[in-house]
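Residues per chain are reported as follows:
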Amino acid sequence: MKEVSFRILSNRPLTGEVFEMKLSGDVSDFRGPGQFAEVALPGFFLRRPISAADLGENSLTLIYKTVGKGTGSMSRLTPGAELSILTGLGNGYDLSRAGETPLLIGGGVGVPPLYLLAKRLREEGKAVRAILGFNTKSEIFYEEEFRALGAGVTVTTVDGSAGTKGFVTDALPEKPGYFYACGPLPMLRAVYRAVPGAGEFSLEERMGCGFGACMGCTIETASGPKRVCRDGPVFRKEELLWGK
Amino acid sequence: MGKMSVDLCGIELENPVIPASGTFGFGYEFAELYDINRLGTFSFKGTTLYPRFGNPTPRIAETPAGMLNAVGLQNPGVEKVIAEELPKLRRVFSKKVMANVSGFSEEEYEKTAALLDKEEIVGWIELNVSCPNVHGGGMSFGTDPDRAARVTERVKRAVKKPLIVKLSPNVTDVAEIARACEAAGADGISLINTLMGMRIDPGTRRPILGNVTGGLSGPAVFPVALRMVWQVYEAVKIPVVGMGGVTSAEDAIEMILAGATAVEVGAANLTDPMASLKIVEDLPRVMEKYGIDSLADVKGAAHHG
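No experiment lies behind these values; they were computed from the predicted model shown.

Reading guide: rules and limits
- Residues numbered from 1 in each chain as written.
- Chains lettered and ligands numbered in written order.
- Predicted model: local features only at pLDDT ≥ 70, side-chain atom pairs only at ≥ 80, totals over all residues.
- Heavy atoms only, no water.
- Helix = DSSP H or I, 4+ residues; strand = E, 2+ residues; numbered from the N terminus.
- Rg over C-alpha atoms; globule rule 2.2 N^0.38 Å.
- Buried < 20%, exposed > 50% of the residue type's maximum accessible area, 1.4 Å probe, protein only.
- Contact = heavy atoms within 4.5 Å.
- Areas by Shrake-Rupley, 256 points an atom, 1.4 Å probe, with all protein chains shown as cover.
- Lys, Arg positive; Asp, Glu negative; His and termini not counted.
- Charge placed at Lys NZ, Arg CZ, Asp CG, Glu CD.
- Pairing = 2+ DSSP bridges.
- Axes fitted to C-alpha atoms, helices over the stretch in contact; angles between N-to-C directions.
- Phe/Tyr/Trp six-rings, centres within 6.5 Å; stacked < 30°, edge-to-face > 60°.
- Core = buried A, V, L, I, M, F, W, Y, C linked by side-chain atoms within 4.5 Å.
- Domains from an automatic or database assignment.
- Salt bridge = Lys/Arg side-chain N within 4 Å of Asp/Glu carboxyl O.
- Expected span 1.5 Å × (residues − 1).
- Polar contact = N/O pair within 3.5 Å; in protein donor to acceptor, adjacent residues only side chain to side chain.
- Nonpolar A, V, L, I, M, F, W, Y, C, P; charged D, E, K, R; others polar.

Focus: the overall build of chain A
Helix and strand counts for chain A stand at four helices and 15 strands. Expected size for 244 residues packed as a compact globule is a radius of gyration near 18 Å; at 17 Å, chain A falls within 12% of this value. The dimensions of chain A, computed from C-alpha atoms along their principal axes, are 50 × 40 × 35 Å. Counting only residues that meet the buried cut, chain A has 55% of its 244 residues in that class. Contacts in chain A between residues at least 24 apart in sequence constitute 62% of all its contacts with a sequence separation of at least 6. When the accessible area of chain A is evaluated, it comes to approximately 9900 Å², of which 50% is carbon and sulfur surface. Across chain A, 29 positive and 27 negative side-chain charges occur, with their mean positions spaced 2 Å apart.

Shown next, in the form of structure tokens:
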């Protein structure tokens, strides 16, 4: 963990409620995809935990949904502004378990950390397949960015306005392989039930500190209570007790 | 440079800054960021006799200038704290630590405190009779003068280290409770624990916190905390440790002027992991600005015209 002052390079809407913020600053504390940042917003007491969607030499991309006043104010920040961000938080995905044909399953704002994962896996020459689930056509984002990486992309929408109609679990391949999933809890639980093989889930929880001090985001796991922020946010399938 | 050291119940603190229980874990995680020996001391995570998972999530909600928490005393239980957490702490901390103790019966408080009292690294026992997030324990002991006195008296008999009783602000007359604890043998008083509050999500029409209510902390509570430190300083002769919304060296000085011997820093640690260290580093400058040569000399100065 490292506190870094970042400068906003751009901050643009991807859909009605989802924004992409690009920042420049020291990202040396990030070890890989699945880790997150805690963003301090002027006028708000707690920081906002947001996963890294992309990392460059000296740049960070955050994709966030405007769910409340804090993220609403974040969407109005303009290029040039400085933000204090805690970097390199949490444990990311384990790329060593990917196999040759990893499957990435993302829903809504669970899609962003999978973009950085897809990028890293493609760099390793893996045949990445991605299922990206959204409610409706107007909420789709980053489909082209995933394709540009050379990933095989399947989009699902609940209302059928684009791609396969239904949920991400309606578009699962016959041989899923090792999977990485990130999205809303009901989607993750559905994936947990639908995919028989091994994989990893990235969880979301309301956090206090984001670095393991307050015990605000603890869940029960197969190996006892774990803090989503410090021990996660990525957990292996066998760690989660959703089948119990 | 002015003198920052203070005497807390017979143990000298190099400076009066103490990260508060529940915001600093068992210290070693912050030791990855800086040398935690630069702090006066810290109060470790509230420990109970048996392991506790705590409350269901969400446990955290934001508020204007602060936050609510309803963690509910998650901790591995006193045996594991002694066997696993304190050895990790010893590797990074050479000072005496404050052991924060909670419970659900007088007997639990007594047993837990007695076990921690035997640990060399423990300098003080901070008796948490003020946690608002558990049922049938914690705060129910600290909101009634007779119950507070009984648990204080019983724990005092079982320990050799100084006993500091941590009080709740969720009472009509905090001075009365403080006096009752002093009469029962407390060596110090710390206050305030969090103020009970809640938030509702209009979208779901349900309380945000899994526990429905939680404890409010952060800058929003600072004036309330300062007022209560002021009242308790006038009510008792034993040292008072002030806390509640302290986020700066200026806040710490206000607490000391109100009568605090030392100052705990809570919620600020959660938004800035360096917050407590920054206060330590900033104190000399702020002391000089206000012409303070020694913090101990200005303790309670606001009470005398």
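Concerning the environment of Tyr50 of chain B
Residues and elements named next belong to chain B. Checked against the element boundaries, Tyr50 lands in the loop between β3 (17-19) and β4 (60-63). The exposure class of Tyr50 is exposed, given its relative accessible area of 53%. Along the chain, Tyr50 and Asp187 lie 137 residues apart, while their C-alpha atoms are 26 Å from each other. Apart from residues lying up to four places away in sequence, Tyr50 is in contact with Asn75, Gly77 and Glu108.

A few points about the environment of Ala249 of chain B
All names here are of chain B. When you line up the elements, Ala249 lands in helix α6 (residues 249-258). By relative accessible area, which is 1% here, Ala249 ends up buried. Distance from Ala249 to Lys118, taken between C-alpha atoms, is 34 Å for residues 131 residues apart in sequence. Apart from residues no more than four positions distant in its own chain, Ala249 is found in contact with Ile279, Asp282, Leu283 and Val286.

Points about the sheet that holds strand β8 (residues 163-166) of chain B
All names here are of chain B. Taken in spatial order, the seven strands make up an open sheet running β3-β15-β14-β9-β8-β7-β6, and their pairing is parallel. At either margin of the open sheet sits one strand with a lone partner, and together these are β3 and β6 (97-101). Here the average twist between neighbouring strands, direction ignored, is 25 degrees. Examined bridge by bridge, strand β14 (residues 240-243) and strand β15 (residues 262-265) share three bridges and lie parallel to one another. What sits directly across from Met243, in β15, is Glu264. Each of β3 and β15 touches helix α8 (residues 275-289); the most contacted strand, β3, lies at about 175 degrees to it.

Some points on the packing of aromatic side chains
The tally for this structure, following the rule as stated, stands at 17 aromatic pairs over all chains. With 5.5 Å between their ring centres and 70 degrees between their planes, Phe134 of chain A and Phe141 of chain A make a pair best called edge-to-face. Aromatic side chains Tyr109 of chain B and Phe141 of chain B sit 5.1 Å apart centroid to centroid with 80 degrees between the ring planes, which places their arrangement in the edge-to-face category. One end of the pair, Tyr109 of chain B, is in helix α2 (residues 106-117); the other, Phe141 of chain B, is in the loop between β7 (122-128) and α3 (145-158), and 32 residues separate them in sequence. The pair formed by Tyr109 of chain B and Phe141 of chain B is uniform in burial state, with each residue classed as buried. By the ring-pair criterion, three or more aromatic residues cluster together here, those being Tyr115, Phe134, Phe141, Tyr142 and Phe146 of chain A.

Focus: the sheet that holds strand β3 (residues 36-39) of chain A
Residues and elements named next belong to chain A. The sheet built from six strands closes into a barrel, its strands ordered β1-β2-β5-β4-β3-β6 with antiparallel pairing. Within this sheet the neighbouring strands show an average axis-to-axis angle of 45 degrees, counted without direction. As defined by bridge partners, β3 adjoins strand β6 (residues 82-89) across three bridges and the pair is classed as antiparallel. Within β6, the position partnered with Glu38 by the bridge is Leu86.

Remarks on the pairing of strand β14 (residues 224-227) of chain A
Residue and element names in this part refer to chain A. Inspection of the sheet shows strand β13 (residues 218-221) paired to β14 by four bridges, in the antiparallel sense. Across the sheet, residue Ile219 finds its bridge partner in β14, namely Lys226. What sits between the antiparallel neighbours β13 and β14 is a turn of two residues.

So, the nonpolar core
Grouped together as the largest cluster of nonpolar side chains are 124 residues, with contacts concentrated most on Phe201 of chain A together with Leu167 and Leu191 of chain B. Composition of this core by domain shows at least three residues from each of domain 1 (2-89) and domain 2 (95-202) of chain A. Grouped together as the second largest cluster of nonpolar side chains are 30 residues, Tyr115, Val128, Leu149 and Val234 of chain A included.

Let's talk about the pattern of salt bridges
In the structure shown here, the tally under the stated rule is 30 salt bridges over all chains. Of the charged contacts in the structure, one is a salt bridge between Glu82 of chain A and Arg7 of chain A, with a shortest N-O distance of 2.9 Å. Taken together, the positions of Glu82 of chain A in strand β6 and Arg7 of chain A in strand β1 (residues 2-13) put the pair 75 residues apart, joining distant regions of the chain. Assessed through its relative accessible area of 43%, Glu82 of chain A is described here as partly exposed. Between Glu29 of chain B and Arg230 of chain A there is a salt bridge, with its nearest N and O atoms 3.7 Å apart. Of the two residues, Glu29 of chain B sits in the loop between β3 and β4 while Arg230 of chain A sits in the loop between β14 and β15 (234-236), which places them in two different chains. One salt-bridge network, in which partners are shared between bridges, spans Arg227, Arg230 and Asp231 of chain A together with Glu29 and Glu32 of chain B.

Focus on helix α2 (residues 112-123) of chain A
Residue and element names in this part refer to chain A. Given a rise of 1.5 Å per residue, twelve residues ought to cover 16 Å, and the 17 Å separating the end C-alpha atoms of α2 matches this to within 8%. In this structure, the buried residues of α2 make contact with β4 (48-55), β5 (59-65), β7 (103-107), α3 (143-148) and β11 (179-182). Gly125 lies just past α2 and shows a positive phi near 80 degrees.

So, the side chain of Thr87 of chain A
Along the chain, the position of Thr87 of chain A falls in strand β6. Apart from the residues within four sequence positions on either side, Thr87 of chain A is in contact with Met1, Lys2, Val4, Phe6, Asp26, Asp29, Phe30 and Phe36 of chain A.

Some words on the interface of chain B and chain A
Taken together, the contacts link 32 residues of chain B with 26 residues of chain A. At the surface where chain B touches chain A, the tally comes to five salt bridges. Counting across the chain B and chain A interface gives ten residue pairs in polar contact (both at pLDDT 80 or more). Sorting the residues of the side of chain B that touches chain A by element identifies β4, β5 (66-69) and α7 (268-271) of chain B as the ones contributing at least two each. Broken down by element, the residue count for the side of chain B that touches chain A peaks at four residues, all from β4 of chain B. Among the residues forming the side of chain B that touches chain A, the class breakdown is 15 nonpolar, ten polar and seven charged.

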